[in-house]
Amino acid sequence: MKRLRNTSALMSILFLIATNVFAQTAPRRVIIDTDPGVDDAMAILLALNSPELKVEALTVVPGNVEAAQGLENALKLVSLAGRCDVLVAGGAQHPLNQKLITAQFWHGKNGLAGVELPAPTCKADPRFGPDLIIEMVHKYPHEITLIPVGPLTNIALAVSKDPGIVPLVKDIVIMGGSITGGNVNGAAEANVYNDPEAAQIVFNAGWTVTMIGSDVGERTLMTRKYVTQLQANHAPESDFIAKLADFYLTRSEKSGYQGAAMYDPLAVGTVIDPTLVTLKSMHVDVETRGEFTRGETVANRMGYNENNVLHGNHYEIDGLVPLQPNARVCVASDADRFVQLFVTRITGSK
């Protein structure tokens, strides 16, 4: 009888160990919220070719291109990858409180460097993108990682409609913002600039946002060396990505950059392998009213504000008011290791 109890206990321990190992190695469920332009396409195909991730859905937001073009691009991308199992749903048609600003200047007329993919074989899901996000988070509580790589309109609509999803989301890793100046002007990064009110909602929703900003993306570069590696591998996905990379790099070089910033792919890379980046906890606010700073992500790197108390006709500093971090901000990346990982996944090489 004693031996039976010992055997039972041992089996229970082995089961727990196996369950824990499976939990650590099972692919992470992700939803990518995207405005499919060049680097979005790179990010999506990186995710679809990474065994660490199970891409449950793409939800489409207007940004680099208008909403209809973005939805068509997303459907073409999953069709190219042969992944009609991935749900693709359209979302918002415009930002919450301003007119849309598109970016064909950087991404080409169709958002995909002018490369024409075959008509999609995959079909759009009829659900509204934010509603699909809500449904998926409730279906898989504490399992879904959101990866928004466009303006944050869809995510803001989802948490505004159902704040209850916030504690049920495993993580939210955004490509957006910057703590050292913008890429559309001196202050603002493009995704946040395209819908500052949405970004304000997302940063203040009550979760901790992992923020992969444009400042680090601009130090994580696709260079000619890596484009050559992509061009040497002939397969439908790698040929497509090689064309995008060449267009993107040429456009960047004409604008004075040494390489093409891997903005969106780095956000996906962070979910695949968090050791690729260095994160620092900060409190981040979003400026929505400044004449020169609308869309700026204002990061408090000190962790406090000075407390100013009125003394007669002036204020005096009277101690410090600590701030609760609401973001883990990317301050550095292992750029070469990440870009090599990207090339390896796209080409299917080891």
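Residues numbered from 1 in each chain as written. Predicted model: local features only at pLDDT ≥ 70, side-chain atom pairs only at ≥ 80, totals over all residues. Heavy atoms only, no water.

1. Considering the state of the cysteines
Thinking step 1. On inspection of all chains with the given rule, the structure shows one disulfide.
Thinking step 2. With its sulfur 2.0 Å from that of its partner, C84 forms a disulfide with C122. On the sign convention where negative is left-handed, the bridge of C84 and C122, at about -85° about the S-S bond, is left-handed. Of the two residues, C84 is situated in the loop between helix 3 (67-80) and strand 3 (87-90) and C122 in the loop between helix 4 (104-107) and helix 5 (129-139); the sequence distance between them amounts to 38 residues.
Thinking step 3. On the accessibility criterion, C84 (46% relative accessible area) is partly exposed. (Disulfide = S-S within 2.5 Å. Helix = DSSP H or I, 4+ residues; strand = E, 2+ residues; numbered from the N terminus. Buried < 20%, exposed > 50% of the residue type's maximum accessible area, 1.4 Å probe, protein only.)

2. Things to note about the layout of surface pockets
Thinking step 1. In this structure, the largest pocket occupies an estimated 540 Å³ of space.
Thinking step 2. If you trace the largest pocket, you find 31 residues lining it, with W106, H107, N183, A190 and Y263 closest to the centre.
Thinking step 3. When residues of the lining of the largest pocket are traced back to their parent elements, those giving at least two are helix 2 (38-48), helix 4, helix 7 (190-193), helix 11 (236-254), strand 8 (260-261) and helix 12 (263-272).
Thinking step 4. For the lining of the largest pocket, a count of residues per class yields 15 nonpolar, 10 polar and six charged. (1 Å grid on protein atoms, 1.4 Å probe; cavity = no way out; pocket = protein on both sides within 12 Å on 5 of 7 lines; lining within 4 Å. Points joined across faces, edges and corners; volume = space filled by probe spheres on them. Nonpolar A, V, L, I, M, F, W, Y, C, P; charged D, E, K, R; others polar.)

3. Considerations on the packing of helix 2 against helix 3
Thinking step 1. In contact at an axis separation of 11 Å, helix 2 and helix 3 are set at 35° when each is read in the N-to-C sense. Helix-helix and strand crossings are classified by hand; for helix 2 and helix 3 the assignment is right-handed. Packed against helix 2, whose contacting residues are A41, I44, L45 and L48, the element helix 3 presents L77, V78 and L80 at the interface.
Thinking step 2. Of the residues contributing to the contact of helix 2 with helix 3, the split by class is seven nonpolar, no polar and no charged. (Axes fitted to C-alpha atoms, helices over the stretch in contact; angles between N-to-C directions. Left-handed = near helix turned anticlockwise from the far one by under 90°. Contact = heavy atoms within 4.5 Å.)

4. Let's talk about the packing of aromatic side chains
Thinking step 1. Summed over all chains, the structure comprises one aromatic pair.
Thinking step 2. Arranged with centres 5.1 Å apart and planes meeting at 85°, the rings of F105 and W106 form a pair that is edge-to-face.
Thinking step 3. Sitting over the ring of Y140, R29 keeps its end group 3.8 Å from the ring centre.
Thinking step 4. Across from the ring centre of W106, 5.6 Å away, lies the NZ or CZ of R251, which sits over that ring. (Phe/Tyr/Trp six-rings, centres within 6.5 Å; stacked < 30°, edge-to-face > 60°. Lys NZ or Arg CZ within 6 Å of the ring centre and 35° of its normal.)

5. Considerations on helix 8 (residues 196-203)
Thinking step 1. Of all eight residues making up helix 8, six are buried, and the element is well covered by its neighbours.
Thinking step 2. Those residues of helix 8 lying buried are P196, E197, A198, A199, V202 and F203.

6. Considerations on unusual backbone geometry
Thinking step 1. For A113, which is not a glycine, the phi torsion comes out positive at approximately 60°.
Thinking step 2. Turning to its location among the elements, A113 is positioned in the loop between helix 4 and helix 5.
Thinking step 3. By relative accessible area, which is 15% here, A113 ends up buried.
Thinking step 4. The phi torsion at H142 lies on the positive side, around 65°, for a residue other than glycine.

7. Details of the sheet that holds strand 9 (residues 277-286)
The strands that make up a sheet are held in pairs by hydrogen bonds between backbone atoms, and each pair lies either parallel or antiparallel.
Thinking step 1. Strand order in this open sheet of nine strands is 3-2-1-4-5-6-13-9-10, and the pairing throughout is mixed. The open sheet has two edge strands, strand 3 and strand 10 (297-300), and neither has a second partner. Direction aside, the axes of adjacent strands within the sheet are offset by 30° on average.
Thinking step 2. Across four bridges, strand 9 lies against strand 10 in antiparallel orientation. Counted as the bridge partner of H283 is N300 from strand 10.
Thinking step 3. Running at roughly 155° to strand 5 (residues 171-175), helix 12 makes contact with strand 1 (28-34), strand 2 (53-60), strand 4 (144-148), strand 5, strand 6 (209-212), strand 9 and strand 13 (327-333) of the sheet. (Pairing = 2+ DSSP bridges.)

8. Focus: the environment of P236
Thinking step 1. Of note, P236 is situated in helix 11.
Thinking step 2. Taking the C-alpha atoms as reference points, P236 and C122, 114 residues apart in sequence, are found 17 Å from one another.

9. Observations regarding the pairing of strand 4
Thinking step 1. In terms of burial, strand 4 is a largely internal element, five of the five residues being buried.
Thinking step 2. Here strand 4 shows two buried faces, one formed by I144, L146 and P148 and the other by T145 and I147.

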